[in-house]
Amino acid sequence: MPYYRAIGEFPRKRHVRFLRPDGGLYAEELMGEEGFSSDSSLLYHRYLPTAIVKSEEADGAADGPTAPNQPLLPRHFRTGELPAGGDLVSGRQLLLANDDVRISFAAPRLGSGLYRNSTGDECIYLTTGSARFESVYGSIDAAAGDYVVIPRGTIHRWLPAAGTQGSGDGAAFTEALVIEARGHIRPPRRYLSQYGQFLEHAPYSERDLRGPDGPLLADGEDEPVLVRHRDGLSLLTYARHPFDVVGWDGCLYPYAFNIADFEPIVKRTHAPPPVHQTFEGPNFVICSFCPRPLDFDAESVPVPYNHHNVDSDEMMFYVGGDYTARKGSGVGLGSITLHPSGFTHGPQPGAVEAAIAGLSEGRTSTDETAVMIDTFRPLRLGPASQRTEDLSYAFSWARGLSPGGA
Ligand SMILES: [Fe+2]
């Protein structure tokens, strides 16, 4: 996925001679998934993409210990309490993780060095500000609300947006939720035809995906690239700058999708989160809760019912608007809640009644924006979540209840 694109110059057939202006050959590189059996792109380099001159073990693999969600509790973390600093690669502060996915928060002040994640795809959701993503495929200007999906193995870097400056001690140029998968992040299979085109019922389509805007060429020798691989982190030094691709074509490349381009699906009574699904990864899904009309049946209850997804841990990141169902719980913008398997969650006390009253007073829409990640294996708590936990959240549903319940 997503679909075929072509950028810059490439030869008329695959795997034929492609001559540089000086008469030498461009170096062809296949970036392909699942061992030549899934999506791929062919890239044409000015120099050999294989030419490294050094490899060193790199520091930084240690994110700090993670802890199990024990004793089992619903949890609330406040990302607003996390410090800004570093860059969008080295400044990741680990919130939650399991063997399928790592979820971090970053508020970078600096541009990053060159980076390649060879353990899986990444999806970066920008909550504030803007940033420029540069890669061997070209660059993408990203802004608040963008998910940027980066295929495994893409050499790239994150910089402050063009025209802005990152600085070591200034404000962060963006705040981002970083989702690192141990596999591929793709649009849900059910949104696609058997050949990969978005179907009419899908909440977004090819036109909503922004790919790289053109070849990105940079000069340089002895360029370090930080590689996250299955055994840790290494610093590989490339003989020539990896941004030397004059053209590429194929179906594998980074792209951006803005949450505001997600077309919400609304029902007469409350619709469950699968209607909000945006991407799927190995053993997890990513959903976008977007501003939308409220459920419109005369007797509808326009907030979620109590629910226990017995197979999932549910993480919700609140990024915009007013999330009615969590009113009175202390959850606000920048909050993350974790509702684990083993615990039934639902609206805070009084939220159902308030939502019904809102309908009778003429409220017809919600302005909430949230990013949800459901994982099918338990999430462990990283240092950044443990540091910012609101310990009173777990018992917020019981607060103010009369002895007989209310
Ligand atoms: Fe839920």
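A short tour of the structure in this document, coming up. No experiment lies behind these values; they were computed from the predicted model shown.

**Overview of the overall build of the chain**
Here comes step 1: From N to C terminus, the chain includes two helices and 26 strands.
Here comes step 2: Relative to the 2.2 N^0.38 estimate, which gives 22 Å for 406 residues, the radius of gyration of the chain is 23 Å and therefore close to what a compact globule would have.
Here comes step 3: By principal-axis analysis of the C-alpha atoms, the chain measures approximately 85 × 45 × 40 Å.
Here comes step 4: Buried positions account for 53% of the 406 residues belonging to the chain.
Here comes step 5: Accessible surface, the chain as shown: approximately 18,200 Å² in total, 51% of it carbon and sulfur.
Here comes step 6: Averaging the coordinates of the 36 positive side-chain charges in the chain and doing the same for the 51 negative ones gives two points 3 Å apart.

**Looking at the pairing of strand β10 (residues 138–143)**
Along any regular strand, the residues point their side chains to alternate faces of the sheet.
Here comes step 1: In this sheet, β10 lies alongside strand β9 (residues 122–135) in antiparallel orientation, the contact comprising six bridges. Residue pairing across strands places S135 opposite G138, the latter belonging to β10.
Here comes step 2: Hairpin connection, β9 to β10: the antiparallel pair is bridged by two residues.

**What to know about the packing of aromatic side chains**
Here comes step 1: Applying the stated criterion across every chain, the model contains 16 aromatic pairs.
Here comes step 2: With a centroid separation of 4.5 Å and 35° between ring planes, the pair formed by F18 and Y26 is classed as tilted.
Here comes step 3: The class of F18 is buried, set by a relative accessible area of 12%.
Here comes step 4: Taking the relative accessible area as the measure of exposure, Y26 reaches 13% and is therefore buried.
Here comes step 5: Members of the aromatic cluster, each reached through a chain of ring pairs, are Y125, Y147, Y191, F198, Y204, F257, F262 and F279.

**A look at the sheet that holds strand β3 (residues 40–45)**
Here comes step 1: Here we have four strands laid out as an open sheet, ordered β1-β17-β3-β2, and antiparallel in their pairing. If you trace the sheet from one side to the other, it starts and ends with β1 (5–8) and β2 (27–32), each paired once. On average, each strand axis in the sheet is tilted by 15° relative to the strand beside it, whichever way the strands run.
Here comes step 2: With six bridges joining them, β2 and β3 adopt antiparallel strand pairing. Looking across to β3, one finds that M31 is bridged to S41.

**Brief notes about the pairing of strand β20 (residues 284–289)**
Here comes step 1: Across the six residues that make up β20, a large majority, six, are buried.
Here comes step 2: Burial along β20 is two-sided: F284, I286 and S288 facing one way and V285, C287 and F289 facing the other are all buried.
Here comes step 3: Hairpin connection, strand β19 (residues 277–281) to β20: the antiparallel pair is bridged by two residues, and N283 has positive phi, about 65°.
Here comes step 4: Note: β20 against strand β25 (residues 369–375), six bridges, orientation antiparallel. Bridging across to β25, I286 finds its partner in I373.

**Let's talk about the sheet that holds β20**
What links the strands of a sheet is backbone hydrogen bonding, and the strands pair in either a parallel or an antiparallel sense.
Here comes step 1: In spatial order, the strands read β5-β23-β22-β25-β20-β19; together these six strands make up an open sheet with antiparallel pairing. A single partner strand is all that each edge strand has here, and the edge strands are β5 (75–78) and β19. Between one strand and the next, the sheet's axes are offset by a mean angle of 15°, whatever the strand orientation.
Here comes step 2: Here strand β22 (residues 313–320) runs beside strand β23 (residues 335–339); their pairing, made up of four bridges, is antiparallel. Bridge assignment links M315 to a residue of β23, and that residue is L338.

**Focus: the pattern of salt bridges**
Here comes step 1: By the definition in use, this model includes 17 salt bridges.
Here comes step 2: Of the charged contacts in the structure, one is a salt bridge between D297 and R268, with a shortest N-O distance of 3.4 Å. Taken together, the residues span a long stretch of sequence, with D297 in the loop between β21 (292–293) and β22 and R268 in the loop between β18 (255–258) and β19 at a distance of 29 residues.
Here comes step 3: For R268, a relative accessible area of 54% gives the class exposed.
Here comes step 4: Counted as one network, the salt bridges with shared partners bring together R92, R102, E122, E180 and R228.

**Brief notes about the coordination of the iron ion**
Here comes step 1: Of the protein atoms, only H307 (NE2), E314 (OE), E314 (OE) and H345 (NE2) coordinate the iron ion, at distances of 2.0 to 2.6 Å.
Here comes step 2: Note that the iron ion binds four donor atoms; their angles at the metal cover 55 to 171°, and the shape is irregular.
Here comes step 3: Look at where the donors of the iron ion fall in the sequence and you get H-x6-E-x30-H.

**As for the environment of D244**
Here comes step 1: By secondary structure assignment, the location of D244 is in the loop between β16 (232–240) and β17 (245–250).
Here comes step 2: Since its relative accessible area comes to 2%, D244 is described here as buried.
Here comes step 3: It is 15 Å that separates the C-alpha atoms of D244 and P212, two residues lying 32 residues apart in sequence.
Here comes step 4: Sequence-distant contacts of D244, defined by excluding residues within four places in its chain, comprise Y44, H45, R46, Y47, L216 and L217.
Here comes step 5: A polar contact is formed between the side chain of D244 and the backbone nitrogen of Y47, at a distance of 2.9 Å.

Calculation rules
Residues numbered from 1 in each chain as written. Predicted model: local features only at pLDDT ≥ 70, side-chain atom pairs only at ≥ 80, totals over all residues. Heavy atoms only, no water. Helix = DSSP H or I, 4+ residues; strand = E, 2+ residues; numbered from the N terminus. Rg over C-alpha atoms; globule rule 2.2 N^0.38 Å. Buried < 20%, exposed > 50% of the residue type's maximum accessible area, 1.4 Å probe, protein only. Areas by Shrake-Rupley, 256 points an atom, 1.4 Å probe, with all protein chains shown as cover. Lys, Arg positive; Asp, Glu negative; His and termini not counted. Charge placed at Lys NZ, Arg CZ, Asp CG, Glu CD. Pairing = 2+ DSSP bridges. Phe/Tyr/Trp six-rings, centres within 6.5 Å; stacked < 30°, edge-to-face > 60°. Axes fitted to C-alpha atoms, helices over the stretch in contact; angles between N-to-C directions. Salt bridge = Lys/Arg side-chain N within 4 Å of Asp/Glu carboxyl O. Donors = N, O, S within 2.8 Å, 3.2 Å for Na, K, Ca; no water. Tetrahedral: all angles 85-135°; square planar, octahedral: opposite > 155°, others 65-115°. Contact = heavy atoms within 4.5 Å. Polar contact = N/O pair within 3.5 Å; in protein donor to acceptor, adjacent residues only side chain to side chain.

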